[in-house]
Amino acid sequence: ACLPSVVHFGAEAVLVGKPAEALAVSSPRDTIASSKRYLGRDAAEFAGSTYAELQEDPLAFVTSRGSVTPVEVAAEILQTLRRRAEQTLTRRVEGAVITVPAYFDDSQRLATRQAAELSGLNVLRLLNEPTAAAVAYGLDSREEGVVAVYDLGGGTFDISILRLERGVFEVLATGGDTSLGGDDFDERIVALVCEERELGDLDQSQARRLLQLAREAKEGLTEADEVTLHLDSVAADTAPVVVSRQQFNSL
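Residues numbered from 1 in each chain as written. Predicted model: local features only at pLDDT ≥ 70, side-chain atom pairs only at ≥ 80, totals over all residues. Heavy atoms only, no water.

**Overview of the overall build of the protein chain**
In terms of regular secondary structure, the protein chain is built from seven helices and 13 strands. Its C-alpha radius of gyration of 20 Å places the protein chain within 12% of the 18 Å reference for a compact globule of 251 residues. Counting only C-alpha atoms and orienting by the principal axes, one finds that the protein chain spans roughly 65 × 45 × 35 Å. The buried share of the protein chain, reckoned over its 251 residues, is 42%. Taking the average location of the 24 positive side-chain charges in the protein chain and that of its 40 negative ones, the two points are 7 Å from each other. (Helix = DSSP H or I, 4+ residues; strand = E, 2+ residues; numbered from the N terminus. Rg over C-alpha atoms; globule rule 2.2 N^0.38 Å. Buried < 20%, exposed > 50% of the residue type's maximum accessible area, 1.4 Å probe, protein only. Lys, Arg positive; Asp, Glu negative; His and termini not counted. Charge placed at Lys NZ, Arg CZ, Asp CG, Glu CD.)

Following this line, the structure appears as structure tokens:
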């Protein structure tokens, strides 16, 4: 099963994945999602964040368990993945290759290594995600060729141009944006709903619930031509909003 990159830092316990995700609305302050884009960054880049209470120098999330850095959040996720792997393999994981966005800079890569080490993982190598995707799809079995691989995730977007010669990849060029992904698509739907229904300042719980509805709407538009967002759980007596696939694409 997939592991959502969500961690809940409650006063009594730390939860990772779906159990944490289930608490995003009822306990938004203690539930951290999409922390990957915070790795190796400064607090000033996230001024006015709706979904998290941040402290500066160093950048950290304020929770019931105190201040938690993005590295510590990532470490909880990696530690859970390590435990899963060890349960499946029935032996200790001695080392790991970790994939990162190709456009991650040195500070972001260092933060990833720190998170892995904090989780008890020996980092053998950091591998760019587009290169990992090329290997996963068997492109390394070809004799030669030039391929473009792009990776659009929840929080980051990358493209790499790879040359393959005798089973070895050479990275010719990379580009991307470490603050562009599905999260931002969700935000466009949130902005649309807030504008159409004149929703003013929402508290953290309301904002998280609206974000959930926006994500569900985005996913629904994969199959449907239009979806309806019922907003009673965000603000009472608020009329629904219909979003079409064409409208979403234009956003």
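**What about helix α5 (residues 182–196)?**
When the terminal C-alpha atoms of α5 are compared, their 22 Å separation across 15 residues agrees well with the 21 Å that a helix rising 1.5 Å per residue should span. For α5, the elements touching its buried residues are α6 (204–220), β12 (226–229), β13 (241–244) and α7 (245–250). (Expected span 1.5 Å × (residues − 1). Contact = heavy atoms within 4.5 Å.)

**Considerations on the side chain of Thr156**
Within the secondary structure, Thr156 sits in the loop between β9 (144–152) and β10 (157–165). On the basis of relative accessible area, Thr156 is assigned to the buried category, the value being 5%.

**Focus: the packing of α5 against α6**
Relative to each other, α5 and α6 sit at 110 degrees, their axes nearing to 8 Å. Here α6 runs roughly perpendicular to α5, going by the angle between their axes. Seen along the crossing, α5 lies across α6 with a hand that is right-handed. From α5, Gly182, Asp183, Phe185, Asp186, Ile189, Val190, Val193 and Cys194 reach across to α6, where they touch Leu210, Leu211, Ala214, Arg215 and Lys218. Across the contact of α5 with α6, the residue classes tally to eight nonpolar, one polar and four charged. (Axes fitted to C-alpha atoms, helices over the stretch in contact; angles between N-to-C directions. Parallel < 35°, antiparallel > 145°, perpendicular 65-115°, else oblique. Left-handed = near helix turned anticlockwise from the far one by under 90°. Nonpolar A, V, L, I, M, F, W, Y, C, P; charged D, E, K, R; others polar.)

**Description of the environment of Arg245**
Here Arg245 is to be found in helix α7. Remark: the alpha-carbon pair of Arg245 and Gly220, spanning 25 residues in sequence, is separated by 9.3 Å. Once residues within four sequence positions are removed from consideration, Arg245 is found in contact with Leu221, Thr222, Glu223, Ala224 and Asp225.

**A short note on unusual backbone geometry**
The step from Asp57 to Pro58 runs through a cis peptide bond, and the omega angle for that step is 0 degrees. Relative to the helices and strands, Pro58 resides in the loop between β4 (54–55) and β5 (60–63). Backbone geometry places Ser34, a non-glycine residue, at a positive phi of 55 degrees. With respect to the helices, strands and loops of the structure, Ser34 is situated in the loop between β3 (31–33) and β4. A relative accessible area of 28% means that Ser34 is categorised as partly exposed. In this structure Asp57 comes out as exposed when scored by relative accessible area, which is 76%.

**Here we look at the sheet that holds strand β11 (residues 168–177)**
The sheet built from three strands is open, its strands ordered β9-β10-β11 with antiparallel pairing. With partners counted over all chains shown, the strands left at the sheet margins are β9 and β11, one partner each. Taking each pair of neighbouring strands and ignoring which way they run, the sheet shows an average axis angle of 15 degrees. Across the sheet, helix α4 (residues 129–136) is in contact with β9, β10 and β11; its angle to β10 comes to roughly 55 degrees. (Pairing = 2+ DSSP bridges.)

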